[in-house]
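Analysis of the macromolecular model
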Amino acid sequence: MNKKSLLLAIFTFFIIIGLEPGVNSAQINLEKNNFPVVVNSDPYLSTPDWVSGNPHYSTGAALEDLDLDGWLDLVVADGNDMQMGRLNVYYNNGDGTLPSTASWQSNDLGFNGHLDIADVNGDGWLDVAVSYLGTSSSFGPVARLYLNNGGTLSSLPDWESDVTGNAFGVDFGDMNNDGRPDLAVATGWSYNPQHEYKNLVYLNINGALESTASWESDDIFTYMGAHWVDADDDGWLDLAYIGAFQETYIYKNNEGTLETTASWHTTDSQNQDGIMLTSGDVDNDGIKDLFTTDNTQLSGSGYFKQYTGKSDGFFETTYSWNYYGRYGSAVTLADVNCDNTLDLATGAWWDYTNIFLNDGTGLPNNPSWTSGGTSVVEKIVFGDVGPELIEKTYTKTFAADGNRRLFYLPHQNIQRIDSVSLDGVALDSSEYTYSREHTWITVSTAPTESVEVTYVYSRSLDMVVSNWDPDIGNYLYYNQISQEIVPDLQCEGNLRFTDIPPGSTNNGTFTIENVGDHESELNWEITEYPEWGEWSFSILNGTGLTPEDGKITIEVTVVAPDEKNEIFTGNVEITNIENTKDHCDVDVLITTPKLRTDYDNLLTRLFEQFSDKVPFIKELLEDFLERINYK
């Protein structure tokens, strides 16, 4: 028997008795809360810093970087049900300012409603979908799509829905988790005479919206707003609708098949006139909450409402928080004061724009900030427009979880996604899609190891308000929060040990770094580590760590528990002493193999027996035992 055959036999023997080579690899969790206490509690001035110079019946609005120059541009749809208008783009001047009049306008006119933005054809340039509200006697394709041609939108729609009628809301999601954006449309006309249609989802087929909707609701409810949200955290986006004369409904997504009759709905809003809804974790329990508007113009109560998320999925059916807004029209969530909690912005017709600052457990009863003047608010949008971009680049790694292809980023309202990799391989822009506002992302293929998303978020979110009043332009408020020079803790580590002998001593390292503001100093300490095993660290705490110091390495020694065939998990938590919200966790995993120690003596005897009799087998055993950490 030659050496190669004998080596194969030895490996076969080891596999039969259940032994595998040990592997040491890193698994790092960088979930953290890392923003400072602010100095100025008013996020915005009472009057806008910019007002557009071509007012119209503006309705839909969004901030996105259409020309990929690194600055957010403003997209606005004019018309509503009052006077036909155009789709407008205000390109950022590259210094954080917007031009007074639109830089680009569509050639067509329409009674435009709300809009949404996504890269439909996967070419890396963001495209714009717009709803068509119309009037009681004027109708159009309920949704249209303008493709982005290297930074400039098509002057006429490249796609139109096959259904002609009235629609006010559109929202891009990914119904079938193929990494392509699908378009939901909220249809209907709530004024007399009412016009009712089925509500629709147009799937994206290889980079183009289909000509006929693959999904339509069984009902013909008049909906005004659509919103994709994973309401039960099963890895599939469910579809929420809000409208007139009925409750708020959610159509559950059953692994790519959206139910046609909604299985969840509120129970306290039968006569509401709802226009918009959104979601996010406001009470900081790790579960999303649902927020809705209501309007008294037709039949509603006029209250903005919060429906608290439930641990077993979906939301409470009655509200847990409310505020009277009369003609409520807009709700948006964003962290406007940089304390790592989501705040609520609300808008109404002929009323003030209000912001409710989150105290860490939820929203106050009354607004924390109110605009100095009133307007007819249609949409509120957040993003860092400028003039000084206060941006951070962050990488989030999601471990493989069965067939899950939908993930939520830690920050809500991001600037952009820079890159996505699946199992270490970079994805093309056609292989994933995401929401900048609600910060979910889907990838076309489920990972076997991990998905890594590198994105940019801002510490200073500016606010845009679109106005229906034709005598008032659209508003931009620059964020006024004054921030202290603060450190920002970041960790990287290597604390994953698999198939190691029970009771063995294992060594690893992780690093700590201050990636915060220039001249900031970080005081840190290790605040938590697993109770199992015996742990020791080369450094337990430190003071005065600056960004210029770079990374410092923490050496870790852990003695594995004595139990066989067990999996031990946990984390080492490192905390900023001055701001306990700023912390990071390094995940820990130890596995001890079945029967391994039972064969320890056997392997040792084999080694001793062959060491003198058959030298080359001794060499093979030495090499193999070193590989599996027995020598």
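Now for a quick tour of the structure. (Residues numbered from 1 in each chain as written. Predicted model: local features only at pLDDT ≥ 70, side-chain atom pairs only at ≥ 80, totals over all residues. Heavy atoms only, no water.)

**Considerations on the overall build of the protein chain**
Looking only at helices and strands, the protein chain features three helices and 53 strands. When burial is assessed residue by residue, the protein chain has 59% of its 631 residues classed as buried. When contacts within the protein chain are restricted to residue pairs at least 6 apart in sequence, those whose partners lie at least 24 apart make up 63%. (Helix = DSSP H or I, 4+ residues; strand = E, 2+ residues; numbered from the N terminus. Buried < 20%, exposed > 50% of the residue type's maximum accessible area, 1.4 Å probe, protein only. Contact = heavy atoms within 4.5 Å.)

**Comments concerning the packing of aromatic side chains**
Evaluated as defined, the whole model comprises 31 aromatic pairs. Ring centres of tryptophan 535 and phenylalanine 537 lie 6.1 Å apart, and the angle between their planes is 15°; on these two criteria the pair is classed as stacked. You'll find tryptophan 535 and phenylalanine 537 in the same group, each marked buried. Linked through ring pairs, Trp215, Phe221, Tyr223, Tyr241, Tyr249 and Tyr251 together constitute an aromatic cluster. Over the aromatic face of tyrosine 408 sits the side chain of lysine 288, whose NZ or CZ is 3.5 Å from the ring centroid. Sitting over the ring of phenylalanine 398, lysine 396 keeps its end group 5.3 Å from the ring centre. (Phe/Tyr/Trp six-rings, centres within 6.5 Å; stacked < 30°, edge-to-face > 60°. Lys NZ or Arg CZ within 6 Å of the ring centre and 35° of its normal.)

**Describing the state of the cysteines**
Counting across every chain of the model gives one disulfide. Between the sulfur of cysteine 491 and that of cysteine 584 lies a disulfide, 1.8 Å long from S to S. Of this pair, cysteine 491 sits in strand β45 (residues 489–494) while cysteine 584 sits in strand β53 (residues 583–592), placing them 93 residues apart in sequence. Cysteine 584 matches cysteine 491 in its accessibility class, with the two residues each being buried. (Disulfide = S-S within 2.5 Å.)

**So, the side chain of asparagine 177**
With respect to the element layout, asparagine 177 can be found in the loop between β15 (167–173) and β16 (182–187). Asparagine 177 sits in the buried class, given a relative accessible area of 0%. Beyond its immediate stretch of four places on either side in the chain, asparagine 177 contacts Gly235, Trp236, Arg405, Leu406, Thr442, Val443 and Ser444.

**A few points about the environment of aspartate 182**
Within the secondary structure, aspartate 182 sits in strand β16. As a C-alpha pair, aspartate 182 and asparagine 204 span 22 residues in sequence and 5.1 Å in three-dimensional space. Not counting chain neighbours up to four residues away, the residues in contact with aspartate 182 comprise Asp171, Phe172, Gly173, Asp174, Met175, Asn176, Val201, Tyr202, Leu203, Asn204 and Trp228.

**Description of the pattern of salt bridges**
One pass over the structure, following the stated rule, counts 11 salt bridges. For glutamate 64, the salt bridge goes to arginine 436, with nearest N and O atoms at 4.0 Å. Highlighted residues: glutamate 64 in strand β3 (residues 58–64) and arginine 436 in the loop between β40 (432–434) and β41 (440–443), separated in sequence by 372 residues. Among the residues examined, glutamate 64 registers a relative accessible area of 8% and is labelled buried. Assessed through its relative accessible area of 5%, arginine 436 is described here as buried. The salt bridge partner of lysine 252 is aspartate 234, with a shortest N-O separation of 3.2 Å. Here lysine 252 is found in the loop between β23 (249–251) and β24 (253–254), whereas its partner aspartate 234 is found in the loop between β21 (223–229) and β22 (238–243), with 18 residues between them in sequence. Aspartate 234 gets classed as partly exposed once you look at its relative accessible area, which sits at 29%. Overlapping salt bridges, with partners in common, bring together Asp232, Asp234 and Lys252 in one network. (Salt bridge = Lys/Arg side-chain N within 4 Å of Asp/Glu carboxyl O.)

**Some remarks on the environment of aspartate 78**
In this fold, aspartate 78 is placed in strand β4 (residues 73–78). Sequence separation of aspartate 78 and histidine 114 is 36 residues, and the distance between their C-alpha atoms is 9.1 Å. Looking at aspartate 78, its side chain comes within polar contact range of the side chain of serine 58, at 2.6 Å. (Polar contact = N/O pair within 3.5 Å; in protein donor to acceptor, adjacent residues only side chain to side chain.)

**With respect to the pairing of β15**
Burial analysis of β15 places seven of its seven residues in the buried class, the great majority of the element. When β15 meets β16, the two strands line up antiparallel, connected through six bridges. In the sheet register, aspartate 171 faces β16, and the bridge partner there is alanine 184. (Pairing = 2+ DSSP bridges.)

**A look at the nonpolar core**
Generally speaking, nonpolar side chains in soluble globular proteins are found buried as a group. In this structure, Tyr44, Leu344, Ile355, Ile380, Phe382 and Met463 are the most contacted members of the largest nonpolar core, which totals 28 residues. At the level of secondary structure, the elements contributing two or more residues to this core comprise β31 (328–334), β32 (343–348), β33 (354–356), β35 (377–383), β43 (462–467) and β44 (475–477). Among the elements that make up this core, the one with the highest residue count is β31 (four residues). Here methionine 463 is in contact with Tyr44, Thr353, Ile355, Trp369, Ile380, Val381, Phe382, Tyr475, Leu476 and Tyr477, once residues within four sequence places are set aside. Ile526, Ile554, Val572 and Val588 belong to the second largest nonpolar core, which has 25 residues in total. (Core = buried A, V, L, I, M, F, W, Y, C linked by side-chain atoms within 4.5 Å.)

**Some thoughts on the sheet that holds strand β7 (residues 112–118)**
Spatial strand order, β7-β8-β10-β13: four strands in an open sheet with antiparallel pairing. Both edges of this open sheet fall to β7 and β13 (159–160), since each of them pairs with a single strand only.

**Notes on the pairing of strand β27 (residues 277–280)**
Burial of β27 is two-sided: the residues Leu277 and Ser279 facing one way and the residues Thr278 and Gly280 facing the other way are all buried. Bridge count for β27 against strand β28 (residues 289–292) is four bridges, and the pairing is antiparallel. In the sheet register, threonine 278 faces β28, and the bridge partner there is phenylalanine 291.

**As for the sheet that holds β22**
The sheet built from four strands is open, its strands ordered β21-β22-β23-β26 with antiparallel pairing. Pairing within the sheet leaves two strands with one partner each, and these edge strands are β21 and β26 (264–265). Inspection of the sheet shows β23 paired to β26 by two bridges, in the antiparallel sense. Bridge assignment links tyrosine 249 to a residue of β26, and that residue is histidine 265.

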